[in-house]
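Structural description and commentary
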Amino acid sequence: MTLKFETLRLRGRRVGASSWVPALRELIKSEISAKLDEDDGLFIGYGMFQDGLPYTLQDSYDTPEEELRFKAAVLENKYLKAVFLPELGGRLWSLRDKENDRDLLLENTRLLPCNLGIRNAWFAGGVEFNCGRRGHDEQTMSPRFCAVVETPEFPVLRIYEYQRDRGTPFQYDSFLPEDSRFLFIRGRIYNPDTTLQPMYWWSNMALPEVPGSRVVVPAMDTFANWYSGGSHALAKLPLPDGEGFDGTYPVNFQYVKDHFYNIPEDVRRYECLFYKDGYGFCHVSTKRLRGRKLFVWGQCQGGRHWNRKLLGPGLDSYIELQGGLARSQQECLPMPPKTAWEWLEGYGSLVMKPEQVHGKWRDAVSAVNAALDEKIPAEQLETMLRETRNSIALKPGKIVVRGSGWGALEELRRGEKLAPQLDFGTPGEDQAPWVELLEKGTMSEVSPRSYQTGDAWFDLLKKAAPSPMTHYHLALGHFRRQDWERAEKELAAAGDPAKSRHLLHAWANVFNRQGKNKEAAEAILRAALLDTSDVSFVKEALKMLLGLEEYEKMFTILGRLSSECAALPLIQMMKAAALAHTGRPDEAEAILMQDGGLDIPDIREGENSTSQLYIFIKTEQARRAGKEIDPKSVEVPFLLDLRMSE
């Protein structure tokens, strides 16, 4: 078995520098309804956020494709070859079954960021590892720390970071013993605080969507999740036919859907995808990782469109199998103080006779249970987890790739290591204002570059010497806590906002949250006009004005943009919306239909804005012609259709 580092060359769209703009909008909706039994015990809605703080946005990728290069870590033995990308969130990019000459995961042929992540940019393929808060996490397109841990038996690849929402260090240690047909990934999260922390972890595996393939998981019912305009509705259904069709076959779904499988407490944890010939991808774990999920884009036009946006040439469609701490992704679990949660995951193949896995549901589950018990018993995984605690998880490693400086900053604040085995280095440029706050009790910067929302930092800001920047950051702290009165008081103390984009932006969002729409629109317009060359900020301003239906104010901004900025697809779409709603539907349609349909890389997952706009244009054109048409009868062009539900 070997561990080596190579260069992966891949065509795709480069993600530019992160915006300075604090993510004050609710990027992932926390509106969740659930129809469950009283003894299901799910923590629905626990640990959710209504803003994107403390993060800024990674929203600069609407550029032409180019050749990109990434450092790749390659783990290999005679049976498997695994490729990880530390610079892209520690993604497991590919896993090859050498013995059967098959790919176990979907390896994307392009890097095509789209707006699905907590910070906007996200890409499909391989396995991503999400920690802390619900969603594709903040590091999914950023470097995580990567280190090599040497053991007498085999080398270990460690990926680790500091999770800012929860104040917790986490790591996953990957290894491939010489005679193993499974890649093992050992997860560990530690809560160093004396307080309870809501915790979230999901390992998201992309696999090809193939007709005739079936998911087998040891559950007899499932929590089905419907998407509706970004909101979610959860209901408990029996397997396999609770949907009115066999929902264990992914291609049977018409629309986007999640199934969170209700695996009983005393049953081993696994999820498999079997193809027609009986060959299967298999994900097993120890008991801590209880949740299992199927995600499908569905066979509708919107689902097919999302597949095309996310996948490179030669790939048609994909699904996701996922494993997590909780039983659904609409919840976090309460993690006790001074506690470590650990688990072991195994990724490999399982070959069955087709009739064993494509027959009656209970028979398929029983057959896979028996096969897994023989190939990789549950107790073997639990034993391996215990035995590798000291020999792997608590051993220090040698750094190969450096991650963020936030863990180092937190260690500086605490005056002690977060985890003895993890080297977080030293604070960097983004952490400099907070180092000053710690060491001098001041914040002297003129323009903000990074943000903090935790209670410890909030307390330090309250004790700091008054300055425009301490008042500004205190305002954001009150914003996170939805204390609008105190947020306004601190913003007023931060100075005259007339020439300050960050103050006007904050005022606009505070007004918006209180339903003061006119004030919000005026503030964000003034902010945008201070610098119309800042594309990320212009997008944020136009989005707010569009939501407030302030179309004339949108035109004020649009009229001052450079030709390059004005030509960006998302800005073109928002211009079309403003035109359509101010009596110019034909001009709006011409924009939407340019080049066969406006292709918008950074449209948000769950948005139906392009299809709704097209339908509005068609009904408005008909009205102007003295006709009336049913909006449901309008056929939306493929490139404008991103609808995920009926």
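Nothing here was measured: the structure is a model prediction, and the numbers come from that model.

Some details on the sheet that holds strand β13 (residues 182–191)
Here 9 strands make up an open sheet; going across it, the order is β16-β20-β21-β25-β13-β12-β11-β10-β26 and the pairing antiparallel. A strand with exactly one partner marks an edge of an open sheet, and here the two such strands are β16 (214–216) and β26 (398–401). For this sheet, the mean angle separating the axes of adjacent strands, direction not counted, is 20°. Relative to strand β20 (residues 269–274), β16 runs antiparallel, the two sharing 3 bridges. Across the sheet, Val-215 pairs through a bridge with Leu-273, a residue of β20.

Thoughts on the pairing of strand β19 (residues 257–261)
Most of β19 sits inside the fold, with 5 of its 5 residues counted as buried. Because side chains alternate across β19, one face comprises the buried residues Lys-257, His-259 and Tyr-261, and the other comprises Asp-258 and Phe-260, equally buried. Direction of pairing for strand β17 (residues 221–228) relative to β19: antiparallel, over a ladder of 5 bridges. Bridge pairing in β19 places Asn-225 opposite Asp-258. In the sheet, β19 pairs with strand β22 (residues 291–296) via 4 bridges, with the strands oriented antiparallel. Paired with Lys-257 across the two strands is Val-296, which belongs to β22.

Re the pattern of salt bridges
In this structure the tally under the stated criterion is 50 salt bridges. The salt bridge partner of Arg-158 is Asp-173, with a shortest N-O separation of 2.7 Å. Pair noted here: Arg-158 is in strand β11 (residues 155–163) and Asp-173 is in strand β12 (residues 168–175), with a separation of 15 residues, a long-range link. Of the residues examined, Arg-158 reaches a relative accessible area of 0% and is grouped as buried. Each of Arg-186, Arg-188, Glu-342 and Arg-389 takes part in a single network of salt bridges with overlapping partners.

A short note on empty space enclosed by the protein
In total, this model carries 5 cavities of 30 Å³ or more according to the counting rule given. There is about 120 Å³ of room inside the largest cavity. Every residue lining the largest cavity is listed: Leu-27, Ile-28, Gly-47, Met-48, Phe-49, Asp-51, Gly-52, Ile-118, Arg-133 and Arg-134. In terms of residue class, the lining of the largest cavity is made up of 5 nonpolar, 2 polar and 3 charged.

A short note on the side chain of Gln-163
Along the polypeptide, Gln-163 turns up in strand β11. The buried category is assigned to Gln-163, whose relative accessible area is 0%. Among the polar contacts listed, one links the side chain of Gln-163 to the backbone nitrogen of Asp-165, at a separation of 2.9 Å. Polar side-chain contacts of Gln-163 include one of 2.9 Å to the backbone nitrogen of Arg-166.

A closer look at helix α4 (residues 378–393)
One turn of an α-helix holds 3.6 residues; hence residues three or four places apart share an orientation. At Glu-387, α4 shows its strongest bend, of approximately 40°. Those residues of α4 that sit buried are Leu-381, Met-384, Leu-385, Thr-388, Ile-392 and Ala-393. Contact partners of the buried residues in α4: β10 (145–150), β11, β12, β13, β21 (279–285) and β25 (339–351).

Side note on the packing of helix α8 (residues 468–480) against helix α9 (residues 484–493)
Two elements in contact, α8 and α9, have axes whose closest approach is 8 Å; the angle formed by their N-to-C orientations is 170°. Between α8 and α9, the angle falls in the class roughly antiparallel. The handedness of the crossing between α8 and α9 is left-handed. Across the interface between the two elements, His-471, Tyr-472, Leu-474, Ala-475, His-478 and Phe-479 of α8 pack against Trp-484, Arg-486, Ala-487, Glu-490, Leu-491 and Ala-493 of α9. Split by residue class, the contact of α8 with α9 holds 8 nonpolar, 2 polar and 2 charged.

So, the environment of Leu-561
Examined against the element boundaries, Leu-561 turns out to sit in the loop between α13 (551–558) and α14 (563–566). By relative accessible area, Leu-561 is classed as buried at 12%. The spatial distance from the C-alpha of Leu-561 to the C-alpha of Ser-19 is 18 Å, given a sequence separation of 542 residues. Residues within four places of Leu-561 in sequence aside, it is in contact with Thr-532, Val-538, Ala-566 and Ile-571.

Digging into the packing of helix α6 (residues 432–440) against helix α7 (residues 455–463)
Interaxial distance between α6 and α7 falls to 10 Å at its minimum, and their mutual angle equals 60°. One element, α6, and the other, α7, form an angle in the oblique class. Of the two elements, α6 crosses α7, and the hand of that crossing is left-handed. Of α7, the residues touching α6 (which contributes Trp-434, Leu-437 and Leu-438) are Trp-457, Leu-460 and Leu-461.

Side note on the environment of Gln-612
Relative to the helices and strands, Gln-612 is located in helix α17 (residues 609–624). By relative accessible area, Gln-612 is classed as exposed at 51%. Separated by 28 residues in the primary sequence, Gln-612 and Leu-640 place their C-alpha atoms 9.2 Å from one another.

With respect to the layout of surface pockets
Reported here for the second largest pocket is a volume of approximately 800 Å³. Listed by contribution, the elements that provide at least two residues to the lining of the second largest pocket are β3 (66–76) and β11. Broken down by element, the lining of the second largest pocket gets its largest block of residues, 4 residues, from β3. Of the residues belonging to the lining of the second largest pocket, the class tally is 14 nonpolar, 11 polar and 12 charged.

Here's the deal with the packing of aromatic side chains
Counted according to the given criterion, the structure contains 23 aromatic pairs. Pairing Trp-202 with Phe-260 gives two aromatic rings, centres 6.0 Å apart and planes at 65°, and the pair type is edge-to-face. Here Trp-202 is found in strand β15 (residues 201–208), whereas its partner Phe-260 is found in strand β19, with 58 residues between them in sequence. Grouping residues by exposure puts Trp-202 and Phe-260 together as buried. Ring geometry for Tyr-451 versus Tyr-472: centroids 6.5 Å apart, planes at 65°, classification edge-to-face. Of this pair, Tyr-451 sits in the loop between α6 and α7 while Tyr-472 sits in helix α8, and the two are 21 residues apart along the sequence. Here Tyr-451 and Tyr-472 have matching classes, each one buried. Above the face of the Tyr-79 ring, Arg-181 is positioned so that its terminal group lies 4.1 Å from the ring centre.

Regarding the environment of Val-148
Position of Val-148 among the secondary structure elements: in strand β10. With relative accessibility at 15%, the residue Val-148 sits in the buried group. Considered as a pair, Val-148 and Lys-4 are 144 residues apart in the sequence and their alpha carbons are 9.9 Å apart. Each residue touching Val-148, except ones within four places of it in the same chain, is listed here: Leu-3, Phe-5, Val-156, Gly-397, Lys-398 and Val-400.

Reading guide: rules and limits
Residues numbered from 1 in each chain as written. Predicted model: local features only at pLDDT ≥ 70, side-chain atom pairs only at ≥ 80, totals over all residues. Heavy atoms only, no water. Pairing = 2+ DSSP bridges. Helix = DSSP H or I, 4+ residues; strand = E, 2+ residues; numbered from the N terminus. Axes fitted to C-alpha atoms, helices over the stretch in contact; angles between N-to-C directions. Buried < 20%, exposed > 50% of the residue type's maximum accessible area, 1.4 Å probe, protein only. Salt bridge = Lys/Arg side-chain N within 4 Å of Asp/Glu carboxyl O. 1 Å grid on protein atoms, 1.4 Å probe; cavity = no way out; pocket = protein on both sides within 12 Å on 5 of 7 lines; lining within 4 Å. Points joined across faces, edges and corners; volume = space filled by probe spheres on them. Nonpolar A, V, L, I, M, F, W, Y, C, P; charged D, E, K, R; others polar. Polar contact = N/O pair within 3.5 Å; in protein donor to acceptor, adjacent residues only side chain to side chain. Bend = angle between axes of the 7 residues up to and from the residue. Contact = heavy atoms within 4.5 Å. Parallel < 35°, antiparallel > 145°, perpendicular 65-115°, else oblique. Left-handed = near helix turned anticlockwise from the far one by under 90°. Phe/Tyr/Trp six-rings, centres within 6.5 Å; stacked < 30°, edge-to-face > 60°. Lys NZ or Arg CZ within 6 Å of the ring centre and 35° of its normal.

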